Amino acid sequence: MTDPNFKKGLDALDQGPARAAGETVESPPPAGDLPPHPTVDALRDTFGEAILRHEVVSGDEHIVYIGPERNLEILRWLRDNPGERYDMLRDVTAIDYGNGAFLQLVYELWSIPNRRQLRIKIELPLDRLEVDSVYYVWRASDWLERETFDMFGIVFRGHPDLRRILMPYNYAEGHPLRKDFPLRGRFTRAEQTRRSLSLKTEDHYSPYEVELAKRLGQPLPSVMADDGGPGVPESGMPGIGAQ
Amino acid sequence: MAQTKKRTVVYNVTRNPQLADGGGLVHAPIVPVEGEVASDFDEDIHGTHMLINIGPQHPATHGVLRLVLELDGETVIKCIPHIGYLHSSFEKLGEYRTWNQIVPLTDRMDYLAPLIYNCAYAMAVEKMMGIEVTERCKVLRVILMEMDRIFSHLLWLGTTAIDLGAFTVFLYTFQERERVYNLHEAYTGARITTSATRIGGMMADLPAGWIEQLNHFVKTFPRTLDEVETLLTNNAIWVGRTQDVGVISGQDAVNFGLTGANLRASGVDYDVRKDRPYYDYETYDFDVPVGEHGDIYDRYLCRMEEMRQSVRLLQQAIARLPGGPVNVDDPRVILPPKTAAMNDMESMIHHFKVVMEGVRAPVGESWFSVESSKGELAMYVVSDGGSKPVRWRVRGPSFINIAALPHMIEGSLLSDVIAVNASLDIVLGEIDR
Amino acid sequence: MGLNPDEPDETRRDAHVAEMKESGGLPVRTAEAQGGIFSGAPGFLTTRLDTVVNWARENSLWPMPFGTACCAIEMMATAASRYDLARFGMERMSFSPRQADLLICAGRVSYKMAPVLRRIWEQMPQPKWSISMGACASSGGVFDVYSMVQGIDTIIPVDVYVPGCPPRPEGLMYGILMIQEKIRRASPTADWVADESLIEGLPTLPAQHLDLVTSPFGNSTQQNRSSGLVSSGAIVRPNDRQP
Ligand code: SF4
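What comes next is a walk through the structure. (Residues numbered from 1 in each chain as written. Chains lettered and ligands numbered in written order. Predicted model: local features only at pLDDT ≥ 70, side-chain atom pairs only at ≥ 80, totals over all residues. Heavy atoms only, no water.)

**Side note on the interface of chain C and chain B**
You'll often see interface size given as the accessible area lost when the parts meet. Between chain C and chain B, the residue contacts involve 46 residues of the former and 48 residues of the latter. The junction of chain C with chain B conceals about 4200 Å² of combined surface from both sides, 57% of it contributed by carbon and sulfur atoms. Viewed at the interface, chain B and chain C are joined by three salt bridges. In this structure, the salt-bridge partner of Glu74(C) is Arg191(B), at a minimum N-O distance of 2.6 Å. Taken together, the elements giving at least two residues each to the side of chain C that touches chain B come down to β1 (63-67), α4 (70-79) and α5 (114-123) of chain C. The leading source of residues in the side of chain C that touches chain B is α4(C), at five residues. Its residues assigned to classes, the side of chain C that touches chain B comprises 24 nonpolar, 13 polar and nine charged. (Contact = heavy atoms within 4.5 Å. Buried area = accessible area lost by both parts, 1.4 Å probe. Salt bridge = Lys/Arg side-chain N within 4 Å of Asp/Glu carboxyl O. Helix = DSSP H or I, 4+ residues; strand = E, 2+ residues; numbered from the N terminus. Nonpolar A, V, L, I, M, F, W, Y, C, P; charged D, E, K, R; others polar.)

**Regarding the site of the ligand**
Lining the immediate environment of the ligand, one finds Arg108(B), Cys70(C), Cys71(C), Gly107(C), Arg108(C), Gly134(C), Ala135(C), Cys136(C), Phe143(C), Gly164(C), Cys165(C) and Pro166(C). What surrounds the ligand is not a single chain but chains B and C. Listing elements by their share of the shell around the ligand, those giving two or more residues are α4 and α6 (134-139) of chain C. With three residues, α6(C) is the largest single contributor of residues to the shell around the ligand. The residue inventory of the shell around the ligand, partitioned by class, reads seven nonpolar, three polar and two charged. (Near = heavy atom within 4 Å.)

**Quick word on the sheet that holds strand β2 (residues 66-72) of chain B**
Spatially, β1-β2-β3 (chain B) is the arrangement adopted by the three strands of the open sheet, whose pairing is antiparallel. The open sheet has two free edges, formed respectively by β1 (49-54) and β3 (75-82) of chain B, since each of these has just one partner strand. Neighbour-to-neighbour, the strand axes of this sheet turn through a mean angle of 20 degrees, independent of strand direction. Note that β2(B) and β3(B) share seven bridges and pair antiparallel. Bridge pairing in β3(B) places Leu69(B) opposite Cys79(B). Those strands touched by helix α6 (residues 207-216) of chain A are β1, β2 and β3 of chain B, and its axis lies near 135 degrees from that of β1(B). (Pairing = 2+ DSSP bridges. Axes fitted to C-alpha atoms, helices over the stretch in contact; angles between N-to-C directions.)

Okay, structure coming up:
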């Protein structure tokens with residue numbers, strides 16, 4: 001009745017990480033044994049001290065840790081250097097481990113010509129969340145940096161339009177994806193509802209738009225649907241709801 | 001009379017030799033002029049320009065997207081999208097859920113192709129944990145993902161056609177979609193919110209008769225596609241409203257991070273299934289259509305061809321679907337069979353622990369991407385050894401594709417805004433997350 | 001009334017007419033009323049004003065689809081080929097709130113979207129009804145988080161809740177039929193305009209009530225044992241399990 005395999009399974013469950021049967025727990029391999037990545041060597045040669053560590057995770061994903069000071073220079077070099085050509089910025093995001101640990105800023109790069117992946121990480125202390133923006137290197141970073149700013153409060157110096165993107169512009173509860181932010185927000189539900197219902201028209205517009213409306217002598221258009229009285233509906237056809 | 005230029009997409013080029021030089025990209029980065037954005041106003045705009053607001057509740061924005069447009073007559077001078085009207089904080093919620101509990105969240109993110117999201121998430125976690133799923137599971141997931149690629153493209157086709165004034169196509173595509181709904185329902189019990197995957201396998205094996213039903217769909221579906229093509233491809237209105245509208249060059253597209261059909265329509269041959277094959281995609285025989293003009297029409301042609309290629313993939317996958325278990329034989333991630341859990345104490349405890357505490361992942365992280373119907377979809381999972389993720393990040397393809405919208409429509413006409421927006425194939429659930 | 005094939009047609013019809021009159025149902029063409037055409041009798045019928053008005057209202061509802069997320073796809077399916085909402089006199093989806101009398105809120109509503117929903121509701125002319133479609137619109141669903149409205153009934157009055165995630169098209173149709181039922185039972189002559197007393201910028205409920213009805217329940221993280229039975233605090237790691 002008692003299957004020894006299941007007993008083993010239970011013990012393993014307690015130990016946590018699922019490893020292939022029979023595999024022993026090993027410490028991460030020492031730095032010298034990592035699978036080589038041509039870019040990492042080139043980076044070390046070019047930038048020396050600014051390159052902090054090199055790690056490989058999940059088999060084939062290479063991570064390079066760099067200092068926050070020269071990130072723009074290094075990332076621009078990665079895109080422009082004929083040997084590297086990381087022309088695609090696939091992701092910018094951050095990780096908060098909580099308990100006051102450094103925030104990790106993550107850039108995920110891909111080189112279409114060389115078919116190579118590289119992840120750049122920058123560790124930022126919680127009291128100095130500032131790096132240079134790569135807006136003028138990859139335009140893809142525009143919204144990604146705004147999102148990271150919105151969710152983690154990391155300031156990207158030189159980003160031309162750094163404002164909240166997902167949360168309302170008047171959001172006052174903080175940066176939601178930080179670990180010290182409670183899941184349901186800091187205010188009570190009643191307060192949150194009241195605040196949202198009393199948003200003013202200007203709260204829905206970016207400074208550019210507010211300024212433009214002022215110059216045009218035009219009131220800001222209402223954000224709410226169809227504010228201009230009975231109008232012609234966009235389409236009288238059935239079924240085209242929003243997606 | 002609209003000009004009807006004859007044009008075809010470069011069909012059946014997997015690695016187009018003409019676009020050689022490393023996957024078809026001439027590397028010449030665009031460098032936007034510094035200070036290009038905001039702040040400097042033209043002095044003599046008084047009374048001539050107009051600020052209008054579209055959305056967030058508008059039938060043609062495909063969800064709750066909101067666009068603020070500065071118009072000069074009918075020409076769009078500046079377009080500023082505002083998003084976040086559907087922000088449901090999936091990523092924060094994921095940090096409070098165990099690894100398996102996140103699966104139901106993934107299909108609420110992209111409700112147009114839920115199974116692709118289910119599979120992508122499971123694959124990312126499995127990669128981080130070092131779990132190799134069974135052969136049957138691999139092929140099954142390929143089948144599910146290709147099926148949902150068709151599912152999602154069909155909705156795109158129907159709604160885009162409506163936005164451009166062709167209503168019949170919508171009814172045709174929804175008729176086909178209902179058949180995929182039936183397949184979803186027969187397998188998972190739900191029409192949209194499928195939640196089909198688990199870490200290490202699927203929630204169940206296929207029900208009897210499912211493959212036959214799919215086979216029937218695969219056989220008869222291309223006929224509808226032909227019908228739609230006769231309605232649209234050479235239709236003067238369709239051609240007039242799509243050709244040379246919303247053009248983006250290949251270099252710009254890469255710099256903006258576009259992926260999927262939007263990128264390939266601009267002539268860049270980048271498809272995750274070919275460039276970083278997963279689940280043995282390299283052993284399937286299929287082509288990646290690549291366009292050349294980067295306008296709406298090429299995106300349309302690319303998606304049409306992608307659906308036909310998905311049919312090919314489905315046929316091959318059905319033919320090679322092996323027998324055997326769908327779940328890995330690893331008691332640490334997979335629940336014991338129900339009969340064992342009911343009859344045997346050890347299994348019951350084990351069942352209890354997996355359910356109540358969740359699977360525990362090793363310390364590590366994985367940024368894993370698949371080719372979804374909208375582009376490159378990546379799941380970034382970070383674990384600190386607990387039963388819940390430290391960070392679960394979704395790199396949504398629509399989020400990045402829609403960011404290029406202003407670039408494509410500034411300078412064109414107001415009526416093109418709706419067309420270009422529709423052509424990008426966005427889903428707001430995943431843009432706002 | 002059982003259908004007896006042997007009964008003569010007239011008897012059956014008269015019994016049916018009597019039943020309908022009794023229940024205040026649809027105005028039915030009686031032999032006398034038909035007389036205008038058939039026998040030269042005066043061309044009018046007597047009925048209650050309520051019945052006529054209700055009959056007209058219930059059979060030409062113009063829905064305003066307020067679709068945001070997954071549920072909106074099911075709403076589209078309801079209007080599309082197979083389920084064909086037009087069978088209920090509703091093929092004219094109205095995308096302008098000013099020409100609509102049924103708001104179908106399908107999908108989750110965030111606090112950023114809440115004022116828009118409220119405004120759309122206010123723009124709809126009386127009489128108006130609303131359906132909250134899906135778990136998210138009705139109660140927040142799985143999204144008991146900082147950015148989501150916990151049930152649109154904190155923002156606008158709701159007539160019918162359709163449960164499900166997402167509800168099947170049949171479910172939505174049943175909800176619409178219930179709205180029709182509700183219309184049939186109302187007395188437009190007695191309370192011509194429903195009193196709503198929505199106050200600009202305020203939720204539909206007082207603060208304590210709102211906090212009470214939106215407090216965590218059922219599906220929320222508080223009930224998730226592996227999160228240690230704490231509500232949304234910072235995450236307890238790495239041994240985040242109940243002793
Ligand atoms: S109830 Fe379910 S299907 Fe509907 S919007 Fe919410 S998550 Fe999506």
